[in-house]
Amino acid sequence: QRGASVIMSVQTESLVPEVPQWQAYTPGAKPDFQKHRLEVFERVKKLRESEKAAVPEDPIKVKLPDGNVKDGVKGKTSPYDIAFSISKGLAENSVVALVDGKPWDIKRPLEDSCDLELCKFDHPVGRETFWHSSAHVLGLALENKYGAHLCVGPAIEDGFYYDVYCGGTAISPVDNDNIKAGFDEVVKAKVPFERVEMTKDEALEMFKYNDFKMDVLKRKVPDGAVCTAYRCGDLIDLCRGPHVPDTSKVKAFAVMKNSAAYWQGQASNHTLQRVYGVTFPDQKELKQHLFRIEEAKKRDHRTVGPQQELFFFHELSPGSAFWLPHGTRIYNKLCEFIRTEYFKRNYQEVITPNVYNLKLWETSGHAAHYKENMFIFNVEGQEFGMKPMNCPGHCLMFNLRQRSFRELPWRVADFGVLHRNELSGALSGLTRVRRFQQDDAHIFCKPDDVEREVVDMLQFIDFVYGKFGLKYEMFLSTRPQKYIGEISMWDEAERQLASALNNNGREWKENPEDGAFYGPKIDINVLDALGRKHQCATIQLDFQLPIRFGLKYVSSAGSGEGEEREERPIIIHRAILGSVERFSAILIEHLAGKWPFWLSPRQIAIVPVSQDHQAYALEVQAVLRKDGYFVDVDTSSKTLNKKIRENQLSQYNYILVVGKEETEHKTVNVRTRDNQVHGSKSIPQILEEFNNNIVNFL
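Position numbers for residues count from 1 along each chain, tracking the sequence in the order it is written. Residues qualify for local features only when their pLDDT is at least 70, as the model is predicted, and side-chain atom pairs are given and counted only at 80 or more; totals for whole chains, interfaces and linings, by contrast, use all residues. Hydrogens are left out, water is left out, and the side-chain values use all remaining heavy atoms of the structure.

**So, the overall build of the protein chain**
Next up, step 1: Each helix and strand in the protein chain was counted, giving 21 helices and 36 strands.
Next up, step 2: Buried residues in the protein chain amount to 52% of all 698 residues.
Next up, step 3: Only heavy atoms enter the contact rule, under which two residues are in contact if any of them lie within 4.5 Å. At a minimum sequence separation of 6, the contacts of the protein chain that also span at least 24 residues come to 70%.
Next up, step 4: Using the Shrake-Rupley algorithm and a 1.4 Å probe, accessible areas are obtained, with residue cover drawn only from the displayed protein chains. Carbon and sulfur atoms form 49% of the exposed surface of the protein chain, whose accessible area is close to 33400 Å².
Next up, step 5: Positive residues here are Lys and Arg, negative ones are Asp and Glu, while His and the chain termini are left out of the count. Note on charges: their place is set at NZ of Lys, CZ of Arg, CG of Asp or CD of Glu. Both charge centroids of the protein chain, one from 91 positive and one from 96 negative side chains, sit 3 Å from each other. What counts as a helix is a DSSP run of H or I of at least four residues, what counts as a strand is a run of E of at least two, and both are numbered from the N terminus. Burial classes: relative accessible area under 20% of the type maximum marks a residue as buried, over 50% as exposed, and values in between as partly exposed (1.4 Å probe, protein chains only).

As C-alpha cells, this is what we get:
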C-alpha cells in the first residue's frame, strides 16, 4: 500500500500486541472509531488550511505533453481545471495527473510551474490509482459491515485487496453479496476523496484505536516526518495517494475472492481477513475482465501441462520441472528453432560448466549481491556454487587469449542449465522455477558496434515473436541514480540504443533512471492472446563486467615498434525467449494448448477403422516417422467416431483415418483437429502438405 510520505525502516519486528484492540460491533451501526477519526481529521484539516492561507497566489505556467502552456495560479489551479479548460470530457475522464512525472490528485491545487500529463483509466498510473481508490471504498464497506480495523489495501496487477482485522470473525464467500452492496452504496453517494497532511503525532492520535496502523506509524514514519491521510466519507486511512476525485468514477465492482492472510506476510504474526476486488469505469469492461479470468483458468499452463502430459513437479525437487517425452519435444524444438537462427545470424554456441568456485562470483560481483539466491556447497574446504547465469563463464572464455578488434563482435550463445535458489513460496509452475535454461547470448563488441548489434537483435526478436503471433512493447531504461562509468559513455550508449529503437520502426517508451547500475537496457514485454503482459526479452549493455574481468582487445598495431593499443569491450547481454520454461508457459496459455504443427508434440494420429487395418496404419506410421514426424496409431477398441474425437481433444494436428479403401489404394483420409474433413490423399501428397506446413511457418 502507498503508506506514509516518508518511509524509513526503524524497527523490523511487529509492535502489534498479542491481543489487538477490538470493540464489540453491532451490525448496522457505525463503528465508534469512525467518529473519533473524523473529529481529528477535521481539526487537522482546519489547521493545515490556516497554514496555507498565507501562501501567495503567484502565477504559474503549466506545460502539457504536446508543448502547449497553460496559465494557472499557485495553490488554486488544479490539473482538473487545466483539463476542463481544454474540454469537459477530458476533465471528466481523467483519473489522475502526473506533475513533473509524479502522481498527483486531479483536483489537488498545483504548487508551482510544472509539466503536466493527464491520465485516464487506460494509463498504467491511472489504472493503479483507480484500483487503489477502489480499495479504500472496499475498506469502508468492510468497516461498516464488520467494524473491521484496516491494515493494508494496495492495488495489484488485476485489481486490489484489503487486509483487515475483524476480531475473531472470518469473512467467507457467503458475505460477498453484502460486501458488494456496501461498496455500491458508497459509490452511489459520490463521496469525494480529501487529502490532508499530518504530523506523526497527529496520525498516532487519529489511529490510536487501530494497533496495526500504530505499528506502521511507529516503525516506518520517523519522528518529525509528515505523512498523509485520505478521507472517503466515513473512512479515513493513512495513505500517500493519489486518488480519484470521487467514488462515482467506479461504475462496476466485483468481489473476486477472500482468504486469510498474515500481518506483514509473516506467519508468526496475526491472522487477518483478505478480500480481493476489481473495478472498472463501466460494466462492459468488467464483463470482459471476468471472461478473461475464466479463459485464463482454462489455459493455465499448470493445468494444461499435466493434462497433455508435458511436464510435472514433485515435492522431492521443488521448483524443477520433470519434462515428460511430449513436453521435451516442445522444449527441444524451441531450442532448435533458436539454434537455427543462431547459425544464420553468426552466433557461436558454447558449453560452460554448471559448477564454479565462488571466487568467480566474487570477481563478477554476484557474490556480494546475489549469493543468497545461489545454491552454495563446500568442496574440499572451498565454497562452490551452481551457476545462476552464464555471463561470468563467457568472460573467462573471452579472456582465454588475446583478442583482436577483427574478431569483434564476438557473439556467444549458451543454453546451459541455470539454478537459482528461489524461496519456496515464490515458486509458481514454469514461470518461477529453480532450475531452467535460457536462450542466453553475450556479444563482446567495440563501442561503435553497439547500435548495429542492437538493430540486429531487435530484428531477431521481431522475427521470433512474429512466429508465435505475440505482440510486444519496448522500453528504454536509462541511467539510474547509482551507476558506474563515465556519463559520456552512458550518454553515447543511450543514444545508440535510442537510435536502434528508432530504426526498428516500432513504438517504444522511455523508463527514466530504470537502467541497471552497469549499463542502460531495453526491456520487452510480450502480450499474449488474453492481453496479459510477460517480461521475456532483454538487451542490456554492461560496462562493469569487462572491467571486473580485465577484458581487453587489441584495437590497432600502435606505433609500429611492437606496441599495441588495447581497448575494453562492451558486453551486450541478450535473451529472446528468456527462460525456456517461462516461455513454454506463456506459449501454452497463449495458444491454449493448441500447438502449431511444427512445434506440436502430437502432430499426427492414425486411426484404423478396425483391427483389420492396423497393419496398414503401422505401415503409414513408419513412413511418416522416417521423415521426422511425431506419429501415433490409435489401436484402442473404441468406436471410430470416439477415437477421432478423442484424438482431436488431445490436440493432434492431423487425424488420418485408414480403412479398407485407404488400405487398397495406399491413401489416408485426412481430418484436422478443428473437425474439418479434407478427404483422401496419397502418402506423397500428405507428406508434401506436412513439409509445406513447416516450411511456410518457419
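**Describing the pairing of strand β25 (residues 471–477)**
Next up, step 1: Within β25, six of the seven residues are buried, which leaves the element mostly enclosed by the surrounding structure.
Next up, step 2: Only strands joined by at least two bridges in the DSSP assignment are considered to pair. Across seven bridges, the pairing between β25 and strand β27 (residues 521–527) is antiparallel. Bridging across to β27, Ser477 finds its partner in Lys521.
Next up, step 3: Relative to strand β26 (residues 508–511), β25 runs parallel, the two being bridged by four bridges. Counterpart to Met474 in the pairing with β26 is Trp508.

**Section: a nonpolar patch on the surface**
Next up, step 1: A patch consists of residues whose relative accessible area exceeds 30% and which take part in no salt bridge; residues with like charges are grouped when within 9 Å of each other, and nonpolar side chains (Val, Leu, Ile, Met, Phe, Trp, Tyr) when within 5 Å. We count a salt bridge whenever a side-chain nitrogen from Lys or Arg sits within 4 Å of a carboxyl oxygen from Asp or Glu. Together, Val355, Phe377 and Val379 give the surface a local cluster of nonpolar side chains, amounting to about 190 Å² of exposed area.
Next up, step 2: Relative to the assigned elements, Val355 resides in strand β17 (residues 355–357).

**Brief notes about the pattern of salt bridges**
Next up, step 1: The tally for this structure, following the rule as stated, stands at 44 salt bridges.
Next up, step 2: For Lys76, the salt bridge identified is with Glu57, shortest N-O distance 3.4 Å. Highlighted residues: Lys76 in the loop between β2 (69–73) and α2 (79–86) and Glu57 in the loop between α1 (32–52) and β1 (59–63), separated in sequence by 19 residues.
Next up, step 3: Between Glu646 and Lys638 there is a salt bridge, with the nearest N and O atoms lying 2.6 Å from each other.
Next up, step 4: Residue classification places Glu646 among the partly exposed residues on the basis of a relative accessible area of 28%.

**A short note on the layout of surface pockets**
Next up, step 1: When its volume is computed, the largest pocket comes out at roughly 2000 Å³.
Next up, step 2: Residues are called lining when one of their atoms sits within 4 Å of a cavity or pocket point, these points coming from a 1 Å grid over the protein atoms alone, where a cavity is a set in which a 1.4 Å probe fits but cannot get out and a pocket is an open set with protein on both sides within 12 Å along at least five of seven lines. Together, 41 residues line the largest pocket, and Glu157, Asp158, His289, Arg532 and Lys533 are the ones closest to its centre.
Next up, step 3: Every element with two or more residues in the lining of the largest pocket is listed here: α4 (124–146), β8 (159–165), β12 (252–262), β13 (271–280), α8 (283–299), α9 (301–307), β28 (533–542) and α17 (580–591).
Next up, step 4: Ranked by residues supplied to the lining of the largest pocket, first place goes to α8 with nine residues.
Next up, step 5: Per-class residue counts for the lining of the largest pocket are 16 nonpolar, nine polar and 16 charged.
Next up, step 6: Grid points are joined across faces, edges and corners, and a volume is the space filled by probe spheres set on the points. Of the pockets and cavities examined, the second largest pocket occupies roughly 1100 Å³.
Next up, step 7: The wall of the second largest pocket is formed by 37 residues, among which Tyr370, Met389, Arg420, Gln438 and Gln540 lie closest to the centre.
Next up, step 8: Elements represented by at least two residues in the lining of the second largest pocket include exactly α12 (366–370), β24 (440–445), β27, β28, α16 (544–548) and β31 (570–575).
Next up, step 9: Element by element, the count of residues in the lining of the second largest pocket is highest for β28, at five residues.
Next up, step 10: Here the lining of the second largest pocket is built from residues that sort into twelve nonpolar, 15 polar and ten charged. Each residue receives one of three labels: charged for Asp, Glu, Lys and Arg, nonpolar for Ala, Val, Leu, Ile, Met, Phe, Trp, Tyr, Cys and Pro, and polar for the others, Gly being one of them.

**A short note on the pairing of strand β11 (residues 235–238)**
On a regular strand, each side chain points to the face opposite its neighbour's, so the side chains alternate between the two faces of the sheet.
Next up, step 1: Where burial is concerned, the two faces of β11 agree: the one with Leu235 and Asp237 and the one with Ile236 and Leu238 are both buried.
Next up, step 2: Across four bridges, the pairing between strand β10 (residues 226–232) and β11 is antiparallel. When the sheet's bridge partners are listed, Ala229 is paired in β11 with Leu238.
Next up, step 3: What sits between β10 and β11 in their antiparallel hairpin is a turn of two residues, with Gly233 showing a positive phi close to 65°.

**Points about the nonpolar core**
Next up, step 1: Only buried residues count toward a nonpolar core. Its members are Ala, Val, Leu, Ile, Met, Phe, Trp, Tyr and Cys residues joined through side-chain atoms within 4.5 Å. Core analysis: the largest hydrophobic core is formed by 81 residues, its most contacted members being Tyr465, Phe468, Ile604, Ile606 and Leu624.
Next up, step 2: A total of nine residues in this core trace back to one element, the largest contributor, which is helix α14 (residues 450–467).
Next up, step 3: Excluding residues that lie within four positions of it along the chain, Leu624 makes contacts with Ile604, Ile606, Tyr629, Val631, Leu656, Ile686, Leu687 and Phe690.
Next up, step 4: Within the second largest apolar cluster, 42 residues are counted, among which are Ala141, Cys239, Val250 and Val278.

**Observations regarding the packing of α4 against helix α5 (residues 176–188)**
Next up, step 1: Packing of α4 against α5 brings their axes to within 8 Å, and their N-to-C directions diverge by 120°. Taken as axis vectors, α4 and α5 run oblique relative to one another. Judged by the sense of rotation from one axis to the other, the crossing of α4 with α5 is right-handed. In contact with Ser134, Val137, Leu138, Leu140, Ala141, Leu142, Lys145 and Tyr146 of α4, α5 contributes Asn178, Ile179, Gly182, Phe183, Val186 and Val187.
Next up, step 2: Within the contact of α4 with α5, the residues separate by chemical class into ten nonpolar, three polar and one charged. Axes here mean lines fitted to C-alpha atoms, for a helix over just the part in contact, with angles spanning 0 to 180 degrees between N-to-C directions. Relative orientations are named as follows: roughly parallel for angles under 35 degrees, roughly antiparallel for angles over 145 degrees, roughly perpendicular for angles from 65 to 115 degrees, and oblique for any other angle. Less than a right angle of anticlockwise turn of the near helix away from the far helix marks a crossing as left-handed, whereas a clockwise turn marks it as right-handed.

**Considerations on the sheet that holds strand β35 (residues 667–672)**
Next up, step 1: Across the sheet, five strands lie side by side as β33-β32-β34-β35-β36; this open sheet has mixed pairing. Bordering the open sheet on either side are β33 (631–633) and β36 (677–682), each of which pairs with just one other strand. Each strand of the sheet is rotated relative to its neighbour by a mean of 25°, with strand direction disregarded.
Next up, step 2: Where β35 lies against β36, five bridges are found, and the strand directions are antiparallel. Within β36, the residue paired with Arg671 across the bridge is Val677.
Next up, step 3: Its contacts with the sheet place helix α21 (residues 683–697) against β32 (604–608), β34 (654–658), β35 and β36, and it is angled at close to 120° to β36.

**Remarks on the packing of aromatic side chains**
Next up, step 1: Any two rings among Phe, Tyr and Trp, with Trp reduced to its six-membered ring, count as a pair given centres within 6.5 Å; such a pair is stacked if its planes are under 30 degrees apart, edge-to-face if over 60, and tilted if neither. All told, the structure shown has 38 aromatic pairs when counted by the stated rule.
Next up, step 2: For the ring pair Phe121 and Phe130, a centre distance of 4.9 Å and an interplane angle of 75° mean the geometry is edge-to-face.
Next up, step 3: On the basis of relative accessible area, Phe121 is assigned to the buried category, the value being 10%.
Next up, step 4: Feature note: the residues Phe337, Phe463, Tyr465, Phe468, Tyr472, Phe583 and Trp598 constitute an aromatic cluster, connected by ring pairs.
Next up, step 5: Here, over-ring charges are defined by two tests on the NZ atom of lysine or the CZ atom of arginine: distance to the ring centre within 6 Å, and angle to the ring normal within 35 degrees. Here the guanidinium or amino end of Lys257 rests over the ring plane of Tyr276, the centre of that ring lying 4.8 Å away.
Next up, step 6: Positioned above the aromatic ring of Tyr161 is the side chain of Arg274, whose terminal nitrogen or guanidinium carbon lies 3.9 Å from the ring centre.

**Thoughts on a negative patch on the surface**
Next up, step 1: Among the surface-exposed residues, Asp58, Asp100, Asp112 and Asp115 lie close enough to one another that they form a single negatively charged patch.
Next up, step 2: Since its relative accessible area comes to 48%, Asp100 is described here as partly exposed.

**Concerning unusual backbone geometry**
Next up, step 1: Residues Gly241 and Pro242 are joined by a peptide bond in cis, for which omega reads 0°.
Next up, step 2: You can see Pro242 is positioned in the loop between β11 and β12.
Next up, step 3: For the bond running from Leu408 to Pro409, omega is 0°, close enough to zero to count as cis.
Next up, step 4: With respect to the secondary-structure elements, Pro409 resides in the loop between β20 (403–404) and β21 (410–414).
Next up, step 5: Phi angles above zero are rare outside glycine, and Gln264 is one such case at about 60°.
Next up, step 6: Summarising the element assignment, Gln264 is placed in the loop between β12 and β13.
Next up, step 7: Positive phi values are uncommon outside glycine, yet Asn675 reaches one of about 70°.
Next up, step 8: When you line up the elements, Asn675 lands in the loop between β35 and β36.
Next up, step 9: For Asn675, a relative accessible area of 47% corresponds to the partly exposed category.

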